[in-house]
Amino acid sequence: MLHPGERAVQRRTGVTADRLGSAGVRAAIPPVAAEFLRHQRLAVIAAADDTGAAWVSVLTGPPGFVAAADDRTVVADRLPGAGDPLAGLFDAERQVGMLLIEPSSRRRMRVNGRARRDGSRLLVRTEQVYSNCPKYLQTRTYTEDAPAADRTALVTEELTAGQQRWIGAADTFFVGTYAPGLGADASHRGGNPGFVTVTDGRRLTWPDYAGNSMYMTLGNLELEPRCGLLFPDWEHGRTLLVTGRARVDWDPERAAEVPGARRLIDFDVDRVVQIAGGIPQRWSFGAYSRFNPA
């Protein structure tokens, strides 16, 4: 299906290729993707709650906890846990974006479709399956499982001072977007520490670097500004989930002030959930991507 938001952004950026974006992505899971799935320990998922607020969360497990049941079904042997804004939402089928990421090899694939709970599992009926290039991915290596003794969630209406420092030092985050009737999407954003600028507890900004020109994230934002962010703490297992509204600033003069930026995205915070034990794993840092602007 042609995505009018993606086409609007592509036209604005001078992209003229036909069927570039979600319209050119197939629904079937190819064998190479099924093989990749069964080796992963981490899956990022994005969906909107019943109020329309978008959230991004993460599911983790040993290799094989995510697998392809057939060429149109992905099964995750996990559900969002206690305190997670996505917990319980999949009792009813809804649009979902899923990103499988292997930090050690900088490989990633996206699976978008419709998901529902099946007992203790999440079943995703695929509508879009495709891989992404390794740009802006920092390498990290899995070291151990480390489940939290007490999984707790802190909910606030704005970012605390500590959370602002967390975001300001981040080299990776994930963004979840959706457009009603057109699907949800989970995507990765990376750069050197400081690439996300925090204005205060209610506003942050990140650069949009050169990518694959599919504009699936910006295309969704063109139609629906509500989106979610996930900042993982790879070393201590915490997750920071933020929901709010994003706006693309197309001013070239403002973008020129940020190395590598094609444009800037301003994000206004509506709600924050910090989860201790959100990632019950530990990952050690390896190296920054050579594509990261200085």
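Note that the coordinates shown come from a computational prediction; the quantities given were computed from them, not determined experimentally.

1. Description of unusual backbone geometry
In this structure, Arg-106 takes a positive phi of about 60° despite not being glycine. Position of Arg-106 among the secondary structure elements: in the loop between strand S5 (94-102) and strand S6 (107-118). Note on Arg-106: relative accessible area 22%, which makes it partly exposed. Non-glycine residue Tyr-215 carries a positive phi angle of around 55°. Following the sequence through the fold, Tyr-215 ends up in the loop between strand S13 (203-208) and helix H4 (216-223). Relative accessible area serves as the criterion here: at 15%, Tyr-215 is assigned to the buried category.

2. Remarks on the environment of Gly-201
Along the chain, Gly-201 turns up in the loop between strand S12 (197-200) and S13. On the basis of relative accessibility, which here comes to 9%, the residue Gly-201 falls in the buried class. Separated by 67 residues in the primary sequence, Gly-201 and Asp-268 have C-alpha atoms spaced 9.1 Å apart. In this structure, Gly-201 is in contact with Glu-158, Leu-159, Gln-164 and Val-269, ignoring residues within four places of it in sequence.

3. Points about the sheet that holds strand S2 (residues 54-60)
The strand order S2-S1-S5-S6-S7-S4-S3 describes an open sheet built from seven strands, whose pairing is antiparallel. With partners counted over all chains shown, the strands left at the sheet margins are S2 and strand S3 (66-70), one partner each. Shown here is a sheet whose adjacent strand axes are inclined to one another by a mean of 35°, direction ignored. Of the strand pairs in this sheet, strand S1 (residues 42-48) and S5 are connected by four bridges, and their pairing is antiparallel. In the sheet register, Ala-43 faces S5, and the bridge partner there is Leu-100.

What counts, and at which threshold
- Every chain is numbered independently, its residues counted from 1 as its sequence is written.
- Reporting in this predicted model follows two pLDDT cut-offs: at least 70 for local features of residues, and 80 or more for side-chain atom pairs to be given and counted; totals over whole chains, interfaces and linings ignore these cut-offs and use all residues.
- Where side-chain values are given, they derive from all heavy atoms of the structure, hydrogens and water being excluded.
- A run of DSSP states H or I qualifies as a helix once it reaches four residues; a run of E qualifies as a strand once it reaches two. Both are numbered from the N-terminal end.
- Relative accessibility under 20% of the residue-type maximum defines a buried residue, over 50% an exposed one, and the middle range a partly exposed one, all with a 1.4 Å probe and only protein chains included.
- Should any heavy atoms of two residues lie within 4.5 Å, those residues are counted as being in contact.
- Strands qualify as paired when DSSP identifies two bridges or more between them.
- Axis geometry follows a simple rule: fit a line to the C-alpha atoms, using only the stretch in contact for helices, then measure angles between N-to-C directions, giving values from 0 to 180 degrees.

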